[in-house]
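# Coordinate analysis (summary)
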Amino acid sequence: MPHTFFDAPLLIRESLGTEVDTQTTPYVCNIGGMPEFKKTLPAGVKELQPVAVTPPAGTLEPSWGRGYQVKGAHTLPPTPNGEETQMAFDAREVVYEPLWATRDAAAAFGITLIEPGQGLRMQSPIRHLENTPFKYGMFAGQQCPYLDDAHRNQLQPTVCTDLEHHDFPHVFSSVDPQLPLVISVGRYWPQRAKIFLADLWVPQGVALYIPPRPKNPYAAYIDLHGNRNSALACWRGGTQRSVQTLTLLPKDSGYFYWFWNALPTVHPMLT
């Protein structure tokens with residue numbers, strides 16, 4: 001009898017990273033589409049001012065992203081690594097609005113776009129970070145890390161909302177030679193019980209800088225992000241089933257604030 005075998009789907013593969021000392025090399029520069037970390041800004045590189053973490057007084061709800069009412073939010077007791085909040089949305093499914101990661105679209109979620117020939121000075125309470133290569137498979141979003149131990153490593157039939165903020169900076173670099181990078185983002189207004197959600201499609205050779213965002217109980221809104229759907233562009237119908245990325249993050253430290261919702265999510269392709 002003939003047999004049919006299936007290759008195991010790739011979810012997330014992490015490779016050895018390069019250490020970045022944020023005190024001696026605080027500048028991240030986009031040099032020819034690749035991130036480089038420098039002591040000072042190189043000649044010919046335009047310095048950017050990062051998007052402000054604290055919103056200006058009287059800030060209104062954004063026009064970017066798909067909005068949803070938040071019926072409730074339950075935060076579990078903190079762990080040594082962070083805090084988990086499960087949110088309830090007034091919806092049957094959750095659609096993420098697909099957007100090219102332009103400067104304005106990124107800024108609407110507290111993110112600074114870094115194009116080739118541009119750089120900025122990072123802020124980080126954690127001195128030693130790593131610029132780490134990742135490969136995200138097209139099914140990475142089917143894993144739900146918030147389930148119990150018996151199910152969290154199994155593929156799920158739907159993709160949940162899985163977003164976070166934390167006390168260290170991120171640099172997401174779109175370095176795949178064939179595909180753009182996709183980063184899911186949200187802006188949550190706790191007092192208004194509203195959240196706006198989108199997928200930022202990051203063109204090849206462009207990077208996103210997300211500053212440290214520790215917990216601030218007085219903030220008007222919370223900017224969130226997640227990269228489990230980084231290989232979303234693979235669903236366009238090509239033969240490539242994963243996307244290569246570089247991500248600046250701590251190796252063994254950092255404190256996270258996770259926000260999730262179990263409803264099925266929809267992630268439309270860009271036209």
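Each chain has its residues counted from 1, running along the sequence as written. Residues qualify for local features only when their pLDDT is at least 70, as the model is predicted, and side-chain atom pairs are given and counted only at 80 or more; totals for whole chains, interfaces and linings, by contrast, use all residues. The side-chain values count all of the structure's non-hydrogen atoms but skip hydrogen atoms and water molecules.

## Brief notes about the overall build of the protein
Spelled out, the test is: Labels follow the DSSP assignment, with helices taken as runs of H or I lasting at least four residues and strands as runs of E lasting at least two, numbered in each case from the N terminus. Both definitions apply: the radius of gyration is a C-alpha atom measure, and the globule rule equals 2.2 Å times residues to the power 0.38. By definition, residues are in contact when any of their heavy atoms lie within 4.5 Å. Throughout, the Shrake-Rupley method with a 1.4 Å probe supplies accessible areas, and for residues the shown protein chains are the sole cover considered.
Scanning the protein for helices and strands turns up 1 helix and 21 strands. The globule rule puts the C-alpha radius of gyration for 271 residues at 18 Å, and the 18 Å found for the protein is close to it. Taking the principal axes of the C-alpha coordinates as reference, the protein spans close to 65 × 50 × 40 Å. Looking at the protein alone, contacts between residues at least 24 apart form 81% of all its contacts between residues at least 6 apart. Surface exposure of the protein reaches about 13,600 Å², of which carbon and sulfur atoms provide 53%.

## Some details on the nonpolar core
Formally: What we call a nonpolar core is a set of buried Ala, Val, Leu, Ile, Met, Phe, Trp, Tyr and Cys residues that are connected through their side-chain atoms within 4.5 Å. Note on classification: 1.4 Å probe, protein chains only; a residue is buried when its accessible area is under 20% of the maximum for its type, exposed when over 50%, partly exposed between these limits.
Counting 29 residues, the largest nonpolar core has Val28, Ile114, Leu120, Met122, Val171 and Leu248 as its most contacted members. Secondary-structure elements contributing two or more residues to this core are β12 (128–137), β17 (207–210) and β19 (242–249). When near neighbours in sequence (up to four residues on either side) are disregarded, Ile114 contacts Val28, Asn30, Leu48, Gly119, Leu120, Val206, Ala207 and Tyr209. In this structure, Ile111, Val185, Ala198 and Leu208 belong to the second largest nonpolar core, which totals 18 residues.

## A short note on the pairing of β19
To keep things clear, this is the line we draw: Between any two strands, pairing holds if DSSP finds at least two bridges.
In terms of residue burial, β19 counts as a mostly covered element, since 7 of its 8 residues are buried. Strand direction decides the pairing type here: β12 and β19, joined by 8 bridges, are antiparallel. Residue pairing for β19: Pro133 is matched across the bridge by Leu246. Two strands pair when backbone bridges link them, and strand β14 (residues 170–174) and β19 are joined in this way by 4 bridges, in the antiparallel orientation. Bridge pairing in β19 places Ser174 opposite Thr245.

## Some details on the pattern of salt bridges
The following threshold applies: Each salt bridge in this description consists of a side-chain nitrogen of Lys or Arg and a carboxyl oxygen of Asp or Glu lying within 4 Å of one another.
One pass over the full model with this rule turns up 8 salt bridges. Ionic pairing is found between Lys215 and Glu83, a salt bridge with its closest N-O pair at 3.2 Å. With a gap of 132 residues between them, Lys215 in the loop between β17 and β18 (222–226) and Glu83 in strand β7 (residues 82–89) connect regions that are remote in the sequence. Among the residues examined, Glu83 registers a relative accessible area of 14% and is labelled buried. Through salt bridges that share partners, Arg187, Arg213 and Asp223 make up one connected network.

## Comments concerning the side chain of Arg187
The line we're drawing: For this analysis, a polar contact is any N or O atom pair within 3.5 Å, provided that within protein one partner can donate a hydrogen and the other can accept it, and provided that sequence-adjacent residues contribute only side-chain to side-chain pairs.
Take Arg187: it is sitting in strand β15 (residues 181–189). A polar side-chain atom of Arg187 sits 3.4 Å from a polar atom in the side chain of Tyr221.

## Comments concerning unusual backbone geometry
Unusually for a residue other than glycine, Ala193 sits at a positive phi of about 55°. Position of Ala193 among the secondary structure elements: in the loop between β15 and β16 (194–202).

## Considerations on the environment of His128
Structurally, His128 is set in strand β12. Sequence-wise, His128 and Leu155 are 27 residues apart; in three dimensions their C-alpha atoms are separated by 33 Å. Setting aside residues up to four positions removed in sequence, His128 forms contacts with Glu19, Val20 and Asp21. Engagement of the side chain of His128 in a polar contact is seen with the side chain of Glu19, the distance being 3.0 Å.

## As for a nonpolar patch on the surface
The line we're drawing: In this scheme, patches are assembled from residues that exceed 30% relative accessible area and form no salt bridge. Like charges are connected within 9 Å, while nonpolar side chains (Val, Leu, Ile, Met, Phe, Trp, Tyr) are connected within 5 Å.
On the surface, Phe139, Leu155 and Trp235 cluster together into a nonpolar patch covering about 270 Å² of accessible area. By secondary structure assignment, the location of Phe139 is in the loop between β12 and β13 (161–166).

## Details of the sheet that holds strand β3 (residues 27–31)
The strand order across the open sheet formed by 4 strands is β4-β3-β11-β5, and the pairing between neighbours is mixed. Looking at which strands have only one partner, the edges of the open sheet turn out to be β4 (34–38) and β5 (46–47). Two elements, β3 and β4, share 5 bridges in a ladder whose sense is antiparallel. Counted as the bridge partner of Tyr27 is Lys38 from β4.

## Observations regarding the state of the cysteines
Filter applied, for reference: Put simply, a disulfide is two cysteine sulfurs that come within 2.5 Å.
Applying the stated criterion across every chain, the model contains 0 disulfides. We note that Cys160 lacks a disulfide partner, and the nearest cysteine sulfur, in Cys144, lies 3.8 Å from it. Classification of Cys160 as buried rests on a relative accessible area of 11%. Sulfur of Cys234: no disulfide; nearest cysteine sulfur belongs to Cys160 and is 19 Å away. With a relative accessible area of 4%, Cys234 lands in the buried category.

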